[in-house]
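Coordinates in review
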Amino acid sequence: MIQAKIAEILDSNQFLQEFEVKGWVRSFRSNRFIAMNDGSTINNLQCVVDFENFNEELLKRVTVGAAIRVLGTLIESEGSQQRVEIEVKELEILGDANPEDVKLTILSPKRHSLEKLREQAHLRVRTNTFGAVMRVRSKLSFAVHSYFQQNNFHYVNTPIITGSDAEGAGEMFKVTAFDIENPPKKEDGSIDYKKDFFGKETNLTVSGQLEAETYALGLGQVYTFGPTFRAENSNTSRHLAEFWMIEPEVAFCDLDGNMDLAEDFIKYVLKYVLENCKDDLAFLEQRLLNEDKSKPQNERSDMNLMEKLHFVLDNNFKRVSYTEAIEILKNSKPNKKKKFNYVIEDWGADLQSEHERFLVEKHFKCPVILFDYPANIKAFYMRLNEDGKTVRAMDILFPGIGEIVGGSQREERLDVLQSKMKELDIDEKELWWYLETRKFGTCVHSGFGLGFERLVQFVTGMGNIRDVIPFPRTPQNAEF
Ligand code: 4AD
Ligand code: MG
């Protein structure tokens, strides 16, 4: 007897071999055919029971959602739906699922909306769609590590609790051990953070970049892959309050090298999932085709999922300066006809997602890397160009997703960095350690951050970022 996962059994040619497998009932047809799934693959295992030889009471308990153990022999299937099946010798109910109760949940075998599935996030992974998305997510995160490990990057774990606001956007969740109803106060009435757990104000990190920079300036090339937190009140299909970010940081690398790295990295992970998640991607592609059928013709996508992934893989990302992009946008139809919510008037405007999507989906029709943004719409740490008004920043924009990567070459010149911080009123005392790296062997270095969930969205074709992370954290929602 071999204990096996369904994925292995479905690939096996060991006919007449006995297998033991545990999983959950997806359906039970004609008192004979159990479709069972154990999470190892999108595909179910057909287990055939000779009902005459089994206790009737036992068979009644083979209901949708129940956990079961099956022991039986592998045979070729006569059905057209599957190559192999298990002829059941032993059947055991490990955990019942009362059909009356199941009916009230998303486990009941009918179509449920993604919104409904979100309300039952503890059960949704048992559906085909979420099983597929979460397996792809897992494979993608493995691919992230293997890319960097193969390329001699070191994995660093930057702190989750920190005193600094790396992005300077002030969108932070505070961390405190105070009784918030009654925190200690100073004489002037303000809160006395000296008495708090860390002796200072702290927050959940918005980015591990600043700490990662210090490590790159010693280990050479590093990457982080961890959760980050943003208290931005953005209720969109692309924003989470808790998301995972991958942040490589490379010493002696300029912005061009940074763009090359990002493009190579993204292509590697796409290739990896195309090779290793075939069944799940095929299922997700079909799901999208079905979803498209209910949409009007002009909203349907012109490429299916696999074509989209191959398209990104096979084409160079288009590299365009911010200044060029503004010219394109200024002269674009939607801008002239005032179709954009934010009409682009002058150089210096911050780009909204409608502009990014126009550039990627309508104008260039391929992933775009925008670079050399105006200094005053970007973070303090980005390297100032010779023109004195743009910085060596880059954003990578993807079809359907918008910004997937944000990165830059870092300001390595102490005096320039200090004057920028002064200009933005950033306290040097808070970032004394960051500034010291510019005193001791400073060097050209660059890095970027890729939003992992946006990558999973792109790969799986899921429209809402809440559906690519197990338990999404968004404004007004921290259930589970
Ligand atoms: O552009 P951002 O804010 O860049 C940084 O945090 C830099 N410190 C990165 C670096 O240079 N090391 O964020 C990087 C990426 C975005 O491009 C986006 O993909 C993702 O993180 N992101 C979010 N994903 C989900 N929900 C949110 N609220 C996100 N905010 C940013
Ligand atoms: Mg950004």
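Residues numbered from 1 in each chain as written. Chains lettered and ligands numbered in written order. Predicted model: local features only at pLDDT ≥ 70, side-chain atom pairs only at ≥ 80, totals over all residues. Heavy atoms only, no water.

The chain is annotated in an unreviewed UniProt entry as Asparagine--tRNA ligase from Salegentibacter flavus.

**Quick look at the overall build of the chain**
Of the regular secondary structure elements, the chain holds 15 helices and 17 strands. The principal-axis extents of the C-alpha atoms in the chain amount to approximately 85 × 60 × 45 Å. Burial statistics for the chain: of 480 residues in total, 50% are counted as buried. Sequence-distant contacts, at least 24 apart, represent 67% of the contacts inside the chain between residues at least 6 apart. (Helix = DSSP H or I, 4+ residues; strand = E, 2+ residues; numbered from the N terminus. Buried < 20%, exposed > 50% of the residue type's maximum accessible area, 1.4 Å probe, protein only. Contact = heavy atoms within 4.5 Å.)

**Quick notes on the nonpolar core**
Counting residues in hydrophobic clusters, the biggest one holds 90 residues, and the most contacted among them are Leu91, Phe265, Met394 and Ile396. A total of eleven residues in this core trace back to one element, the largest contributor, which is helix 7 (residues 255–276). When residues are assigned to domains, this core turns out to be shared by domain 1 (2–104) and domain 2 (128–171 + 206–467), each giving three or more. Those residues in contact with Phe265 that sit more than four places away from it in its chain are Val144, Tyr147, Phe148, Ile246, Phe448 and Leu450. (Core = buried A, V, L, I, M, F, W, Y, C linked by side-chain atoms within 4.5 Å. Domains from an automatic or database assignment.)

**Remarks on the packing of aromatic side chains**
How two aromatic rings sit relative to each other is given by the distance of their centres and the angle of their planes. One pass over the structure, following the stated rule, counts 22 aromatic pairs. Residues Tyr147 and Phe148 carry aromatic rings whose centres are separated by 5.2 Å and whose planes lie at 85° to one another, so their mutual orientation is edge-to-face. With a centroid separation of 5.8 Å and 80° between ring planes, the pair formed by Phe317 and Phe398 is classed as edge-to-face. With Phe317 in the loop between helix 9 (305–314) and strand 13 (318–321) and Phe398 in strand 15 (residues 390–398), the pair connects residues that are 81 residues apart, well separated along the chain. The same class applies to Phe317 as to Phe398, namely buried. Every member of this aromatic cluster is reached through a ring pair, and the members are Tyr147, Phe148, Phe153, Tyr155, Tyr223, Phe265, Tyr268 and Phe448. (Phe/Tyr/Trp six-rings, centres within 6.5 Å; stacked < 30°, edge-to-face > 60°.)

**Observations concerning the site of ligand 1**
Glu167, Gln209, Arg230, Glu247 and Glu403 are the nearest of the 24 residues found near ligand 1. One nitrogen or oxygen atom from the side chain of Ser207 is found 3.0 Å from a nitrogen atom belonging to ligand 1. A distance of 2.7 Å is found between a nitrogen atom of ligand 1 and a side-chain nitrogen or oxygen belonging to Glu247. Relative to its unbound accessible surface of 630 Å², ligand 1 loses 93% to contact with the protein. (Near = heavy atom within 4 Å. Polar contact = N/O pair within 3.5 Å; in protein donor to acceptor, adjacent residues only side chain to side chain. Areas by Shrake-Rupley, 256 points an atom, 1.4 Å probe, with all protein chains shown as cover.)

**Structural notes on the sheet that holds strand 12 (residues 242–251)**
The strand order across the open sheet built from eight strands is 7-11-12-17-16-15-14-13, with neighbouring strands paired in mixed fashion. Looking along the sheet, the strands with just one partner apiece sit at the ends: strand 7 (154–155) and strand 13. Its contacts with the sheet place helix 5 (residues 128–150) against strand 7, strand 11 (221–229) and strand 12, and it is angled at close to 150° to strand 11. (Pairing = 2+ DSSP bridges. Axes fitted to C-alpha atoms, helices over the stretch in contact; angles between N-to-C directions.)

**A closer look at the pairing of strand 3 (residues 33–37)**
A regular strand carries its side chains on alternate faces of the sheet. Among the five residues that make up strand 3, four are buried, leaving the element largely enclosed by the rest of the structure. Pairing geometry for strand 2 (residues 18–29) and strand 3, over five bridges, is antiparallel. The residue of strand 3 that forms the bridge with Arg29 is Phe33. Linking strand 2 to strand 3, which pair antiparallel, is a turn of three residues; within it Ser30 sits at a positive phi near 55°. The pairing of strand 3 with strand 4 (residues 45–48) spans four bridges and is classified as antiparallel. Within strand 4, the position partnered with Phe33 by the bridge is Val48.

**Details of the sheet that holds strand 9 (residues 174–175)**
The three strands lie next to each other as 8-10-9, forming an open sheet whose pairing is antiparallel. Two strands bound the open sheet, and with one partner strand each, they are strand 8 (161–162) and strand 9. Here strand 8 pairs with strand 10 (residues 202–204) via two bridges, running antiparallel. Pairing of Ile161 across the sheet is with Leu204, part of strand 10.

**Details of the UniProt feature "domain: Aminoacyl-transfer RNA synthetases class-II family profile" (unreviewed entry) in the chain**
The residues that UniProt annotates with the feature "domain: Aminoacyl-transfer RNA synthetases class-II family profile" (unreviewed entry) are residues 134–470. The span residues 134–470 is 37% helical and 19% strand by assignment, and the distance between its end C-alpha atoms comes to 8 Å. (UniProt positions renumbered as here; feature names shortened; annotations may be inferred.)

**A closer look at the environment of Gln221**
Relative to the assigned elements, Gln221 resides in strand 11. Taking the C-alpha atoms as reference points, Gln221 and Pro248, 27 residues apart in sequence, are found 7.3 Å from one another. Look past the residues within four positions of Gln221 in its chain and what remains in contact with it is Asn151, Asn152, Phe153, His154, Glu249 and Val250. Within polar-contact distance, the side chain of Gln221 engages the backbone oxygen of Asn151 at 3.1 Å. Of note is the side chain of Gln221, whose polar atom sits 3.3 Å from the backbone oxygen of Asn152.

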